[in-house]
Amino acid sequence: MESSFFFTSRTSPASGRSSPPYDQNNLATHVGDDLDCVVANRAALAGALALKKEQLFFMNQVHGSTIIEIDSTSDSDVIHECDGLITKTPGVGLAVLVADCAPVLFIGATTVAAIHVGWRGLFDGIVEKALALMTHEPFALHIGATICGNCYEVADELAERAHARGFVVGRSTLASDNHPERSTLDIPQSILGIVKKQSVVEVLNAEWNGICTYENQDYYSFRRERITGRQAGVVVHGS
Ligand SMILES: [Zn+2]
């Protein structure tokens, strides 16, 4: 079986067990949701991907740039404090949890990886670190639902720093009488720009699925809701 990937939503791959404000398919244990519901939602996700619970690895994400390798000796009950997982082991699924940040999945013939990219991770170089670990073979890269470059308003100072780093910035069109025009940071396009510039191997395909979490109610958005759940991007190493 080829390696594959999947992005969850509030209602996919199955309508989950979580109640508002985490409804329905919250996959995060750290946001205040009932743990039994999260465990059931994670089990349903593993089942939908034809994985056993112990084959699906989650992270305790800290907005950094550490990437940990998972192998056949790894234990999915161990808490991996990092923002990226990578594996060469068939039958392993790697999950990244998000609600506005970008879930980024890499698929090569022998290696797959999942990373969490918000503005801190972007500045901290997690995309470059992942690319450095994927230098041995062509790969495809998939970015799931994330806040878009028009909705992600940031402080002018952050936008200036981002521009200086070569990231994609702009001006929001959300302005109204009581909402001044603000600077924006485009995380998905910044990621794609880094990949285009810095990948040393062939990129077979690099794409964002175009779904903005802030605009689409079927996805959790921290900026829109504050107290909310997390969806996942999952990459599964084929066997
Ligand atoms: Zn948007």
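Bear in mind that the values here come from a model prediction, so they are computed numbers and not experimental data.

Student: Hey, could you run me through the overall build of the protein in this one?
Tutor: Across its full length, the protein holds six helices and 15 strands. For a compact globule of 239 residues, the expected C-alpha radius of gyration is about 18 Å, and the protein comes in at 17 Å, within 12% of that figure. Dimensions of the protein, computed from C-alpha atoms along their principal axes, come out at roughly 55 × 45 × 25 Å. In the protein, which comprises 239 residues, the proportion classed as buried is 44%. A separation threshold of at least 6 residues defines the contact pool for the protein, and within that pool the share at least 24 residues apart is 63%.

Student: Help me understand the domain arrangement of the protein in this model?
Tutor: Quoted interface sizes are often the accessible area lost when the parts come together. Segmentation of the protein into domains returns domain 1 (4-148 + 200-236) and domain 2 (149-185). Computed from C-alpha coordinates alone, the two centres of domain 1 and domain 2 are separated by 26 Å. Between domain 1 and domain 2, the contact holds eight residues from the first and nine residues from the second. Considered class by class, the residues forming the side of domain 1 that touches domain 2 number seven nonpolar, no polar and one charged.

Student: What is the right way to look at the sheet that holds strand β11 (residues 153-154) in this model?
Tutor: The pairing of strands in a sheet comes from backbone hydrogen bonds and takes either a parallel or an antiparallel form. Sheet architecture is open: three strands sit in the order β11-β13-β12, paired in antiparallel fashion. Of all the strands in the sheet, just β11 and β12 (169-171) have a single pairing partner and so form its edges. Where β12 lies against strand β13 (residues 183-185), three bridges are found, and the strand directions are antiparallel. Counted as the bridge partner of Val169 is Leu185 from β13. Helix α4 (residues 156-164) contacts β11, β12 and β13 of the sheet and is inclined by roughly 50° relative to β13.

Student: So what exactly am I meant to see when it comes to the sheet that holds strand β6 (residues 84-87) here?
Tutor: If you trace the six strands from one edge of the open sheet to the other, you get β4-β6-β9-β8-β10-β14, paired in mixed fashion. Whereas interior strands pair on both sides, the edge strands pair on one side only; in this sheet they are β4 (67-70) and β14 (203-208). Pairs of neighbouring strands in the sheet enclose a mean axial angle of 15°, with direction left out of account. Pairing of β4 with β6 involves four bridges; the strand directions are parallel. Bridging across to β6, Ile67 finds its partner in Gly84. Contacts from helix α3 (residues 126-133) reach β4, β6, β8 (102-108) and β9 (112-117) within the one sheet, and its direction differs from that of β9 by about 170°. Seen against the sheet, helix α5 (residues 187-198) touches β8, β9, β10 (139-143) and β14 and runs at an angle of roughly 165° to β14.

Student: Please clarify how the pairing of β9 should be interpreted in this entry.
Tutor: Moving residue by residue along a regular strand, the side chains alternate between the two faces of the sheet. With six of six residues buried, β9 is to be regarded as a mostly interior element. Here four bridges tie β6 to β9, and the two strands are oriented antiparallel to one another. Opposite Ile86, over in β9, you have Ala113 as the bridge partner. Looking at chain direction, β8 and β9 are connected through six bridges and run antiparallel. Its bridge partner lying in β9, Ile107 is registered against Val112. Counted along the chain from β8 to the antiparallel partner β9, the turn is three residues long.

Scoring rules and cut-offs
- Residues numbered from 1 in each chain as written.
- Predicted model: local features only at pLDDT ≥ 70, side-chain atom pairs only at ≥ 80, totals over all residues.
- Helix = DSSP H or I, 4+ residues; strand = E, 2+ residues; numbered from the N terminus.
- Rg over C-alpha atoms; globule rule 2.2 N^0.38 Å.
- Buried ≥ 20, exposed ≤ 12 C-beta atoms within 10 Å, placed from the backbone.
- Contact = placed C-beta atoms within 7 Å.
- Domains from an automatic or database assignment.
- Nonpolar A, V, L, I, M, F, W, Y, C, P; charged D, E, K, R; others polar.
- Pairing = 2+ DSSP bridges.
- Axes fitted to C-alpha atoms, helices over the stretch in contact; angles between N-to-C directions.

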